[in-house]
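As a plain string of letters, each chain reads:
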Amino acid sequence: MKDRVVICDTCAAKGVVPLGVAWADQLSAAVAHSGLDIDVTTTSCLNMCDTPLSFALQGPQKATYLFTGADPETDTQDMLGLLRLYADAPDGWITEAQAAGRLRLCLQGRVPKL
């Protein structure tokens, strides 16, 4: 198992394709071009419906993070910065989040590793 970002696929439905699904597709391509070894997946409902778009970061033996309020139109580069920080943190504990840009302000919670 490797690090992954899990995007809510029911958040902020827009037309036929929910916004989370479209962003996951866009982000998958951006991650592939960035050289990061992180999976991009979706899940139905992260229970943050009042402030979409939500996503989580998870990794083996790492802290888990939950974010809300992401904007796929403006946050893809910040997401790549956040994913680099997470990938480089052996225990997932991000102490300096400047590279995550605006997304650092979208953090709702962090769960320590087991």
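Attention in this report is confined to the structure presented alongside it.

**Things to note about the overall build of the protein**
Now for step 1: A tally of regular secondary structure across the protein gives 2 helices and 7 strands.
Now for step 2: Its C-alpha atoms give the protein a radius of gyration of 13 Å, near enough to 13 Å, the size a compact globule of 114 residues would have.
Now for step 3: A principal-axis box enclosing the C-alpha atoms of the protein has dimensions of 40 × 30 × 25 Å.
Now for step 4: A burial count over the protein gives 39% of its 114 residues as buried.
Now for step 5: Once local pairs closer than 6 in sequence are excluded, the contacts in the protein between residues at least 24 apart make up 66%.
Now for step 6: Carbon and sulfur atoms form 53% of the exposed surface of the protein, whose accessible area is close to 6100 Å².

**Here's the deal with the nonpolar core**
Within soluble globular proteins, side chains that are nonpolar tend to cluster in buried spots.
Now for step 1: Ranked by internal contacts, the top residues of the largest apolar core, which has 26 residues, are Val5, Ile7, Phe55, Leu57, Met79 and Leu82.
Now for step 2: Secondary structure elements with two or more residues in this core: strand S1 (4-8), helix H1 (19-34), strand S5 (55-58), strand S6 (64-67) and helix H2 (76-88).
Now for step 3: Each residue touching Leu57, except ones within four places of it in the same chain, is listed here: Arg4, Val5, Ala63, Thr64, Tyr65, Phe67, Leu82, Leu83 and Tyr86.

**A look at the packing of H1 against H2**
For any two helices packed against each other, the geometry is given by the interaxial angle and the distance between the axes.
Now for step 1: Running from N to C, H1 and H2 cross one another at 55°; their axes reach a closest spacing of 11 Å. Judged by the angle between their axes, H1 and H2 are oblique. H1 and H2 meet at a crossing whose hand is right-handed. On the side of H1, the interface is formed by Trp23, Gln26, Leu27, Ala30, Val31 and Ser34, while H2 contributes Thr76, Met79, Leu80, Leu83 and Arg84.
Now for step 2: For the contact of H1 with H2, a count of residues per class yields 7 nonpolar, 3 polar and 1 charged.

**Side note on the sheet that holds S6**
Now for step 1: What the 5 strands build is an open sheet, ordered S4-S1-S5-S6-S7; its pairing is mixed. Because the sheet does not close on itself, it has two edges, and the strands there are strand S4 (39-43) and strand S7 (107-111). The average undirected angle you get between the axes of adjacent strands in this sheet is 20°.

**Observations regarding the side chain of Asp75**
Now for step 1: Its place among the elements puts Asp75 in the loop between S6 and H2.
Now for step 2: Engagement of the side chain of Asp75 in a polar contact is seen with the side chain of Arg102, the distance being 2.5 Å.
Now for step 3: When near neighbours in sequence (up to four residues on either side) are disregarded, Asp75 contacts Trp23, Gly69, Ala70, Arg102 and Leu103.

Cut-off values and rules
- Residues numbered from 1 in each chain as written.
- Predicted model: local features only at pLDDT ≥ 70, side-chain atom pairs only at ≥ 80, totals over all residues.
- Heavy atoms only, no water.
- Helix = DSSP H or I, 4+ residues; strand = E, 2+ residues; numbered from the N terminus.
- Rg over C-alpha atoms; globule rule 2.2 N^0.38 Å.
- Buried < 20%, exposed > 50% of the residue type's maximum accessible area, 1.4 Å probe, protein only.
- Contact = heavy atoms within 4.5 Å.
- Areas by Shrake-Rupley, 256 points an atom, 1.4 Å probe, with all protein chains shown as cover.
- Core = buried A, V, L, I, M, F, W, Y, C linked by side-chain atoms within 4.5 Å.
- Axes fitted to C-alpha atoms, helices over the stretch in contact; angles between N-to-C directions.
- Parallel < 35°, antiparallel > 145°, perpendicular 65-115°, else oblique.
- Left-handed = near helix turned anticlockwise from the far one by under 90°.
- Nonpolar A, V, L, I, M, F, W, Y, C, P; charged D, E, K, R; others polar.
- Pairing = 2+ DSSP bridges.
- Polar contact = N/O pair within 3.5 Å; in protein donor to acceptor, adjacent residues only side chain to side chain.

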